[in-house]
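# Summary of structural features
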Amino acid sequence: MSNITVKTMAQYMAEGKQPEVLFWVGCAGSFDDRAKKITRAFVKILNNIGVEFAVLGTEESCTGDPAKRAGNEFVFQMQAMMNIEVLNAYEVKKIVTTCPHCFNTLKNEYPSLGGDYEVLHHSQYLQQLIDAGKLKLEGSETFKGKRITFHDPCYLGRGNDVYEAPRTLIEKLDAELVEMKRCRTRGLCCGAGGAQMFKEPEKGDKDINIERTEEALQEKPHVIATGCPFCNTMMTDGVKHFEKESSVVVKDLAELIMEAKDL
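Residues numbered from 1 in each chain as written. Predicted model: local features only at pLDDT ≥ 70, side-chain atom pairs only at ≥ 80, totals over all residues. Heavy atoms only, no water.

On to the sheet that holds strand 2 (residues 21-24). Taking strand neighbours across the sheet as the criterion, the five strands line up as 1-3-2-4-5 in an open arrangement whose pairing is parallel. Looking at strand neighbours, the two that pair on one side only are strand 1 (7-8) and strand 5 (118-121), the edges of this open sheet. Two elements, strand 4 (residues 94-97) and strand 5, share four bridges in a ladder whose sense is parallel. Bridge assignment links K94 to a residue of strand 5, and that residue is E118. Along the sheet, helix 6 (residues 100-109) makes contact with strand 2, strand 4 and strand 5, crossing strand 5 at roughly 160°. (Pairing = 2+ DSSP bridges. Helix = DSSP H or I, 4+ residues; strand = E, 2+ residues; numbered from the N terminus. Contact = heavy atoms within 4.5 Å. Axes fitted to C-alpha atoms, helices over the stretch in contact; angles between N-to-C directions.)

For the rest of this paragraph, the subject is the pattern of salt bridges. For the structure on display, the rule yields 21 salt bridges. Put simply, E179 and R167 hold a salt bridge, and the shortest N to O gap is 2.6 Å. Placement of the pair is E179 in the loop between strand 7 (176-177) and helix 9 (208-218) and R167 in helix 8 (residues 164-172), with a sequence separation of 12 residues. Overall, the relative accessible area of 26% leaves E179 in the partly exposed class. Connected via shared salt-bridge partners are R182, K206, E211, R212, E214 and E215. (Salt bridge = Lys/Arg side-chain N within 4 Å of Asp/Glu carboxyl O. Buried < 20%, exposed > 50% of the residue type's maximum accessible area, 1.4 Å probe, protein only.)

Moving on, we come to the packing of helix 7 (residues 122-131) against helix 8. One can describe the packing of helix 7 onto helix 8 by two numbers: an axis separation of 8 Å at closest approach and a directional angle of 55°. It follows from the interaxial angle that helix 7 and helix 8 lie oblique. Considering only the axes of helix 7 and helix 8, their crossing is left-handed. Residues S123, Q124, L126, Q127 and I130 of helix 7 touch helix 8, and the partners they reach there are A165, P166, T168, L169 and K172. For the contact of helix 7 with helix 8, the residue count by class is five nonpolar, four polar and one charged. (Parallel < 35°, antiparallel > 145°, perpendicular 65-115°, else oblique. Left-handed = near helix turned anticlockwise from the far one by under 90°. Nonpolar A, V, L, I, M, F, W, Y, C, P; charged D, E, K, R; others polar.)

Another point: the UniProt feature "domain: Cysteine-rich" (unreviewed entry) in the protein. Taking the numbering used here, the UniProt-annotated feature "domain: Cysteine-rich" (unreviewed entry) corresponds to residues 21-107 and 148-235. The span residues 21-107 is 60% helical and 13% strand by assignment, and the distance between its end C-alpha atoms comes to 15 Å. With 31% helix and 10% strand, the stretch residues 148-235 has end C-alpha atoms that lie 14 Å from each other. (UniProt positions renumbered as here; feature names shortened; annotations may be inferred.)

Further remarks concern the side chain of T149. Among the secondary structure elements, T149 is positioned in strand 6 (residues 147-150). Only 2.7 Å separates the side chain of T149 from the backbone oxygen of V178, close enough to count as a polar contact. Other than its neighbours up to four places away in sequence, T149 contacts V178, E179, M180, A216, P221, V223, I224 and A225. (Polar contact = N/O pair within 3.5 Å; in protein donor to acceptor, adjacent residues only side chain to side chain.)

Much of the literature gives interface size as the accessible area that the parts lose upon coming together. Assigned domains of the protein: these are domain 1 (7-129) and domain 2 (136-261). Contacts between the two partners involve 29 residues from domain 1 and, on the opposite side, 27 residues from domain 2. Summing both partners gives a buried area of about 2,300 Å² for domain 1 against domain 2, and 70% of it is carried by carbon and sulfur. Counting every contact that joins domain 1 to domain 2 gives one salt bridge. (Domains from an automatic or database assignment. Buried area = accessible area lost by both parts, 1.4 Å probe.)

On the basis of which strands lie adjacent, the open sheet formed by four strands has the order 7-6-8-9 and parallel pairing. What marks the edges here is a single partner per strand, and that holds for strand 7 and strand 9 (249-252). As judged from the three bridges shared by strand 6 and strand 8 (residues 223-226), these two strands associate in the parallel manner. Across the sheet, I148 pairs through a bridge with V223, a residue of strand 8. Each of strand 6, strand 7 and strand 8 touches helix 8; the most contacted strand, strand 6, lies at about 170° to it.

By size, the foremost hydrophobic cluster in this structure holds 36 residues, and its most contacted members are Y125, I148 and L173. Elements with a contribution of two residues or more to this core: strand 2, helix 3 (33-48), strand 3 (53-55), helix 7, strand 6, helix 8, strand 8 and helix 11 (253-260). Tallying contributions element by element places helix 11 first for this core, with six residues. Each of domain 1 (7-129) and domain 2 (136-261) accounts for three or more of the residues forming this core. (Core = buried A, V, L, I, M, F, W, Y, C linked by side-chain atoms within 4.5 Å.)

On the secondary structure map, M82 appears in helix 5 (residues 73-89). Sequence separation of M82 and Q196 is 114 residues, and the distance between their C-alpha atoms is 24 Å.

Set out below in structure tokens:
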């Protein structure tokens, strides 16, 4: 892996400067080997177009989403207060994250605890950059004619009504967007939400991620696109279950754009 330079908020502060945006990496993006690739892809895009952004580095802690969803409100509030203290000390205004769980928690749960920020999912932020003419994808042939289906993450779609930004990005790739039968407001969970990611499924007839991957494979896609590290894991496991790894790839939106730009 080539070295990627990312400055921390502490470094910006030492220089007496403020970045345009804080990139909230999240636990998956920091520790999960697969999700780290999404983090790198997103950083490469921002570096390539010269966006001034920073991360918190070691000062970032889990948003508390898994604790809250698993029912431990006390741990959630401890985590949240700690993070809010750090964010407010740096006078952070705008946050972008590649994880819908972090996105939802920072955007909807933090304000009542004293953490008020403009929070964007990376699909929204990348669309903003395209609209501003900073991010250009014209003339890229990488995904021309490829069938891509998008799996709506629960906390992005039904949780926060973000449906268009991810699809706009896929259409900008000159790809053919094919929709699953259950999509947008009727989308089906990948099976990892509500802290289910961290435990084995209960006994039943079929795992949710298998059901969801079946729906995706019915559309005969070359790529299953996701906008969430948890969904990415679940859909990848589903593709492996059906032994389709050679013909279908699961990629995050940031990875698709990175590949289209040949970074």
